[in-house]
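Single-letter residue listing:
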Amino acid sequence: MAGATPNMLEKSAFGRAELPRPDVDPADAAQVLRAVYGLEGRVVELGSQQDRNFRIDTGAGRFVLKICHAAYSRLELEAQNAAMRHLADKDDAPSVPQPIVARNGSEILSMEINGQPCQVRLLTYLDGVPLTSRKFLPEATVAALGRVCGETARGLADFCHPGLDRQLQWDLRQAVPMATALMAAVLDAARRAAVMEALAAADRLVGPLSASFRSQAIHQDITDDNVVAAPDAEGRPIPQGVIDFGDLMVGWLVADLAVCCSSLLHHAGGDPFYILPAVRAFHAIHPLNASEAEALWPLIVQRAGVLVASSEQQLVLEPDNAYVLGNIDHEREIFAVATSLPMQVVQAAILETLRMREPAAVPVLHRLLPDVEPADISICPLDPLSPHFDAGNWQNSGIDRALLRQTAQQAGVALARYGEYRLSQTRAHSATPSATQALFIEMALPAGTRITAPFAGTVERHGPHLRLVSHDLVLLLDGVDTVLESGMKVVAGFDLAVVGETGHMTIQLSTEPSITPPQFVMPHQ
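Now for a look at the structure at hand. Not measured: the values here are computed from a predicted model. (Residues numbered from 1 in each chain as written. Predicted model: local features only at pLDDT ≥ 70, side-chain atom pairs only at ≥ 80, totals over all residues. Heavy atoms only, no water.)

**Comments concerning the overall build of the protein**
Inference 1: Of the regular secondary structure elements, the protein holds 13 helices and 23 strands.
Inference 2: Seen along its three principal axes, the alpha-carbon backbone of the protein occupies a region of about 90 × 50 × 40 Å.
Inference 3: For the protein, buried positions account for 53% of its 525 residues.
Inference 4: For the protein, restricting intrachain contacts to residue pairs at least 6 apart in sequence, the fraction spanning at least 24 positions comes to 75%.
Inference 5: A total accessible area of about 22800 Å² is found for the protein, and carbon and sulfur atoms account for 53% of it.
Inference 6: Charge-centre separation for the protein: the mean point of 40 positive side chains lies 2 Å from the mean point of 60 negative side chains. (Helix = DSSP H or I, 4+ residues; strand = E, 2+ residues; numbered from the N terminus. Buried < 20%, exposed > 50% of the residue type's maximum accessible area, 1.4 Å probe, protein only. Contact = heavy atoms within 4.5 Å. Areas by Shrake-Rupley, 256 points an atom, 1.4 Å probe, with all protein chains shown as cover. Lys, Arg positive; Asp, Glu negative; His and termini not counted. Charge placed at Lys NZ, Arg CZ, Asp CG, Glu CD.)

Below, the structure written as structure tokens:
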């Protein structure tokens, strides 16, 4: 994307990315708290990637001492404090910490600690629990995280400050050059190649849309780590407050949601669609435009890639950084889930959930089976209410095909329906929903039955698998024989293939020629 090059970033965002955390321990923090703020109490270090955070419990109250390198300017920290005050003045914004003045009346102190120039602040502490350590987050929690992100973005929409003009490694406007600059730290060659390939593919989708993205002040780190939650009446953790404004800047509005959604993926059980309640909730509060909605998933992929590269870089600098060591497996899982499906699939799901997707226009199609009359086809139900299932036979291997063949023996031609929830695909005692909804038609019919092209296209042949591809449709057939060769072009109605000797065929029709759909998906997908 247009913007800063890796060389430019090396002097700014990448230069900061090379910083280890300040060398400050709890005893140092206690001394600062005592001398500068007049506070004493139990001091506990909190996790952080590049700065040091300490919680102090004085008995009368709790506070957070934040110590960062002097490479972060006073103006940037003033912007963060001002943003927290700005949100605190809004009735419809989440709870946020507030800055506390030191004994000298200043909210920000420039001081040396162990010979290191540092910037020091004290904030109020928000009670509650983070979400990071909880593997499972219920839908209500996922939606609430999206809502809190939307409320924060809405609250910051009218916030301006000169300290927001920053270059940070987390700025998704610079995801590709930033990750490229950090990539040398990713020692695993396969992981390095996968990250770069995913970033480039996402950038090809983001680039043409980015001119329509809105920019504003964004928190840019509303994640499962940086919200505090309280249990609702049913015991579900519901985010109520937002902490850590360290990545605050002017950036793309949609990047705020991309960061939020990416953090959910290590809770998702491998399911990218898990984020959809958060997307709906954010959109209800602070609506995305069509280009932002279309770009959301590619931006999540880019965020995932930057997370992997940044954590690897930080471990090169600080091999014993407990915070990074504790999160790196999460971040690798986030990247794995973000790249587990073709991006266009999740893009379509997001647009559909926001009601921004126009139904695909399907042209008039020629008959696929011209010698089979629809009235002669017998439907073989394979859903949970099917009369064919009895005494647990739905658990038998190959039961669907056996029942289909049995129905065809009686009727001549049998069909199992597209979109049906198949009992045979149910996994007992599973922690996640089973992929039971069929995205294909399955048929049992006489071998040699003629199959004709329903539309004009190009043949792609792979053994018993046949694809007919046009610019906006693809037909996928399994269990057929053909004399046609890959690359041959046919017109609608042309003899395409015949049913193979097993008499069993599957059929899929897709409006995305570059994607081969799975045969089964979970119901919510």
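**What to know about the sheet that holds strand S17 (residues 465–469)**
Inference 1: Sheet architecture is open: eight strands sit in the order S11-S12-S14-S22-S18-S17-S16-S20, paired in mixed fashion. Unpaired on one side and paired on the other, strand S11 (377–379) and strand S20 (489–490) mark the two borders of the sheet.
Inference 2: Sheet topology note: the strand S14 (residues 441–444)/strand S22 (residues 504–510) ladder contains four bridges and is antiparallel. Across the sheet, residue Met-443 finds its bridge partner in S22, namely Met-505.
Inference 3: Packed onto the sheet, helix H13 (residues 399–411) meets S11, strand S12 (413–416), S14 and S22 and runs at close to 145° relative to S12. (Pairing = 2+ DSSP bridges. Axes fitted to C-alpha atoms, helices over the stretch in contact; angles between N-to-C directions.)

**Regarding unusual backbone geometry**
Inference 1: Even without a glycine there, the phi angle at Asn-114 is positive, about 55°.
Inference 2: Structurally, Asn-114 can be placed in the loop between strand S5 (109–113) and strand S6 (116–124).

**A word on the sheet that holds strand S21 (residues 495–499)**
Sheet strands pair via backbone hydrogen bonds, and the direction of the pair is either parallel or antiparallel.
Inference 1: Taken together, the three strands give an open sheet; going across it, the order is S15-S21-S19, and neighbouring strands pair in antiparallel fashion. Looking at strand neighbours, the two that pair on one side only are strand S15 (450–452) and strand S19 (480–481), the edges of this open sheet.

**A look at the pattern of salt bridges**
Inference 1: Taken as a whole and judged by the stated rule, the model has 29 salt bridges.
Inference 2: In this structure, Arg-52 engages Glu-45 in a salt bridge whose closest nitrogen and oxygen atoms are separated by 2.7 Å.
Inference 3: The residue Arg-214 makes a salt bridge to Glu-292 at a minimum N-O spacing of 2.5 Å. Of this pair, Arg-214 sits in the loop between helix H7 (189–206) and strand S7 (215–218) while Glu-292 sits in helix H10 (residues 290–317), placing them 78 residues apart in sequence.
Inference 4: A residue is classified by how much of its surface remains accessible, and Arg-214, at 34% relative accessible area, is partly exposed.
Inference 5: Overlapping salt bridges, with partners in common, bring together Arg-191, Glu-312, Asp-329 and Arg-332 in one network. (Salt bridge = Lys/Arg side-chain N within 4 Å of Asp/Glu carboxyl O.)

**Let's talk about the environment of Ile-328**
Inference 1: For Ile-328, the position within the fold is in helix H11 (residues 322–338).
Inference 2: Residue Ile-328 is classed as buried on the basis of its relative accessible area of 8%.
Inference 3: Between the C-alpha atoms of Ile-328 and Glu-312, which are 16 residues apart in sequence, the distance is 8.0 Å.
Inference 4: Excluding its chain neighbours within four sequence positions, the residues that come into contact with Ile-328 are Ser-311, Glu-312 and Leu-315.

**A few points about the packing of aromatic side chains**
Inference 1: Applying the stated rule across the entire model yields two aromatic pairs.
Inference 2: Both rings, one in Phe-213 and one in Trp-252, keep their centres 4.8 Å apart while their planes meet at 85°; by these two values the pair is edge-to-face. Separated by 39 residues along the polypeptide, Phe-213 in the loop between H7 and S7 and Trp-252 in strand S10 (residues 249–252) bring together distant segments of the chain. The pair formed by Phe-213 and Trp-252 is uniform in burial state, with each residue classed as buried.
Inference 3: Between Phe-440 and Phe-520, the aromatic rings sit 5.3 Å apart at their centres with planes inclined by 90°, giving edge-to-face as the arrangement. Taken as a pair, Phe-440 in the loop between strand S13 (437–438) and S14 and Phe-520 in strand S23 (residues 520–521) lie far apart in primary sequence, 80 residues in all. (Phe/Tyr/Trp six-rings, centres within 6.5 Å; stacked < 30°, edge-to-face > 60°.)

**Some thoughts on the nonpolar core**
Inference 1: Ile-275, Trp-297, Leu-299 and Ile-350 are the most contacted members of the largest nonpolar core, which has 83 residues in total.
Inference 2: By residue number, the principal contributor to this core is H10, which donates twelve residues.
Inference 3: Once residues within four sequence positions are removed from consideration, Ile-350 is found in contact with Ile-275, Leu-276, Val-279, Ala-293, Leu-296 and Trp-297. (Core = buried A, V, L, I, M, F, W, Y, C linked by side-chain atoms within 4.5 Å.)

**A look at the side chain of Thr-141**
Inference 1: With respect to the element layout, Thr-141 can be found in helix H5 (residues 139–156).
Inference 2: Within the structure, the side chain of Thr-141 is placed 2.6 Å from the backbone oxygen of Pro-237, a separation counted as a polar contact.
Inference 3: Once you skip the residues sitting within four places of it in the chain, Thr-141 turns out to touch Leu-131, Arg-236, Pro-237, Ile-238 and Pro-239. (Polar contact = N/O pair within 3.5 Å; in protein donor to acceptor, adjacent residues only side chain to side chain.)

**A look at helix H4 (residues 74–88)**
Inference 1: With 15 residues, H4 should reach 21 Å at 1.5 Å per residue; the first-to-last C-alpha distance of 21 Å fits that figure.
Inference 2: Among the residues of H4, those classed as buried are Glu-76, Leu-77, Ala-79, Gln-80, Asn-81, Ala-82, Ala-83, Met-84, His-86 and Leu-87. (Expected span 1.5 Å × (residues − 1).)

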